[in-house]
Amino acid sequence: MSSHASRVVLVSGAGRGIGRAMADAHADAGAAVAYLDHDPDLARTAAEAARARGVNAVAVSADVADFDAVAAAVAEAAAALGPIDVLVNNAGISPKTGADNRRVDAFAMDPAEWRRVIDVNLTGAFNCTRSVLPGMRDLGRGRVVNISSVAGRTYCDIVAVHYAASKAALVGFTKHLAGELGPFGITVNALAPGRIDTPLMRGTAPEANEAVRAVTPLRRLGSPEEVASVCLFLTSDAAAFVTGQVCDVAGGWLMT
Ligand SMILES: NC(=O)c1ccc[n+]([C@@H]2O[C@H](COP(=O)([O-])OP(=O)(O)OC[C@H]3O[C@@H](n4cnc5c(N)ncnc54)[C@H](O)[C@@H]3O)[C@@H](O)[C@H]2O)c1
């Protein structure tokens, strides 16, 4: 498949899980791909996986919460691959507590942990978007996909308030930018995954994930590849007239 042959894609948090699957899916579709992560070994592994597909790929290292580091990583990626015209804001964290990996209750939450979750999940998306936007404006086209969560759209008792707030904020971030950037030929959409089988999800107590499966209409958890295929649609020409939308990829769980 070469639907994305002339595209240059940057995926944050591409070292593993959903981000890795989305970066690999774009490489499979013929795009040049920058794998951004703060784990340099994982990012290198991902870049090697893409090279095996016969496309250009680079691994760039940055903590998405650090604007200067992100700007440098984006510049490094663009110098190697060309101007970035597809950005996927995926890097995210969901801290848990205790031996059974429960959510952190609001009344016990450390303000430093609140700040870190907002810094990574929300400000990280701003930092990456801010760094690629001048190039997209100059190109006259661009695609941004933000990875929110069903927990940002409705109450979900597995996650904590910092995570839910950050993911809800990404919905406002998406809709505002879609309005502001549409005239420049840039679309901005969000995906809201349900329970997807990744290292992050496995950090939650198994009983909690089983309880989700039992009430999910499709009666199973999702795979990273199932999120990646919807992302690939949103960044493809087939979705050229879709902007400002939030699409659940959740098997019907917590549908709003
Ligand atoms: N797995 C789920 O069930 C689920 C559900 C809804 C939404 N999401 C969202 O999807 C995204 C990916 O989740 P996942 O399950 O693949 O997570 P994961 O923990 O398996 O992978 C996250 C990746 O992001 C990277 N990362 C984390 N913090 C970073 C930072 N500060 N700077 C750069 N890279 C960083 C990690 O190194 C890792 O490679 C997250 O935004 C998450 O909130 C996941």
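In what follows, the accompanying structure is described. Keep in mind the model is a prediction, meaning the values are calculated, not measured. (Residues numbered from 1 in each chain as written. Predicted model: local features only at pLDDT ≥ 70, side-chain atom pairs only at ≥ 80, totals over all residues. Heavy atoms only, no water.)

1. Considerations on the site of the ligand
The local shell around the ligand holds 29 residues, among which R16, D37, N90, Y163 and T198 are the closest. D37 has a polar side-chain atom sitting 2.6 Å from an oxygen atom of the ligand. The contact in question runs from a nitrogen atom of the ligand to an N or O atom on the side chain of D63, over 2.9 Å. Protein contact buries 96% of the 830 Å² of open area that the ligand shows by itself. Every element with two or more residues in the shell around the ligand is listed here: helix 1 (17–28), helix 4 (111–139), helix 5 (161–181) and helix 6 (199–202). At 3 residues, the largest contribution of residues to the shell around the ligand is made by helix 6. When its residues are assigned to classes, the shell around the ligand shows 13 nonpolar, 10 polar and 6 charged. (Near = heavy atom within 4 Å. Polar contact = N/O pair within 3.5 Å; in protein donor to acceptor, adjacent residues only side chain to side chain. Areas by Shrake-Rupley, 256 points an atom, 1.4 Å probe, with all protein chains shown as cover. Helix = DSSP H or I, 4+ residues; strand = E, 2+ residues; numbered from the N terminus. Nonpolar A, V, L, I, M, F, W, Y, C, P; charged D, E, K, R; others polar.)

2. Things to note about the packing of helix 4 against helix 5
At a minimum axis separation of 8 Å, helix 4 and helix 5 run at an interaxial angle of 20 degrees. If you check the angle between helix 4 and helix 5, you find them roughly parallel. Seen along the crossing, helix 4 lies across helix 5 with a hand that is right-handed. On helix 5, the residues that touch E113, W114, V117, I118, N121, L122, A125, F126, T129 and L133 of helix 4 are V161, H162, Y163, A165, S166, K167, A169, L170, F173, L177 and L181. Its residues assigned to classes, the contact of helix 4 with helix 5 shows 15 nonpolar, 4 polar and 2 charged. (Axes fitted to C-alpha atoms, helices over the stretch in contact; angles between N-to-C directions. Parallel < 35°, antiparallel > 145°, perpendicular 65-115°, else oblique. Left-handed = near helix turned anticlockwise from the far one by under 90°. Contact = heavy atoms within 4.5 Å.)

3. A closer look at the pairing of strand 3 (residues 57–61)
As paired strands, strand 2 (residues 32–37) and strand 3 are joined by 5 bridges and run parallel to one another. For V33, the partnering residue across the bridge sits in strand 3 and is A57. Once you follow strand 2 into helix 2 (residues 40–51) and on to strand 3, the crossover reads as right-handed. (Pairing = 2+ DSSP bridges. Right-handed = clockwise from strand over helix to strand, strands pointing away.)

4. Observations regarding the packing of helix 1 against helix 8 (residues 224–234)
In the contact formed by helix 1 and helix 8, the axes pass within 8 Å of each other and the chain directions differ by 50 degrees. As summarised for this structure, helix 1 and helix 8 are arranged oblique, according to the angle between their axes. The interaxial crossing formed by helix 1 with helix 8 has right-handed handedness. In this structure, helix 1 contributes G17, I18, A21, M22, A25 and H26 to the contact, and helix 8 contributes P224, E225, V227, A228, C231 and L232. In terms of residue class, the contact of helix 1 with helix 8 is built from 9 nonpolar, 2 polar and 1 charged.

Just geometry here; none of it tells us what the structure is for.
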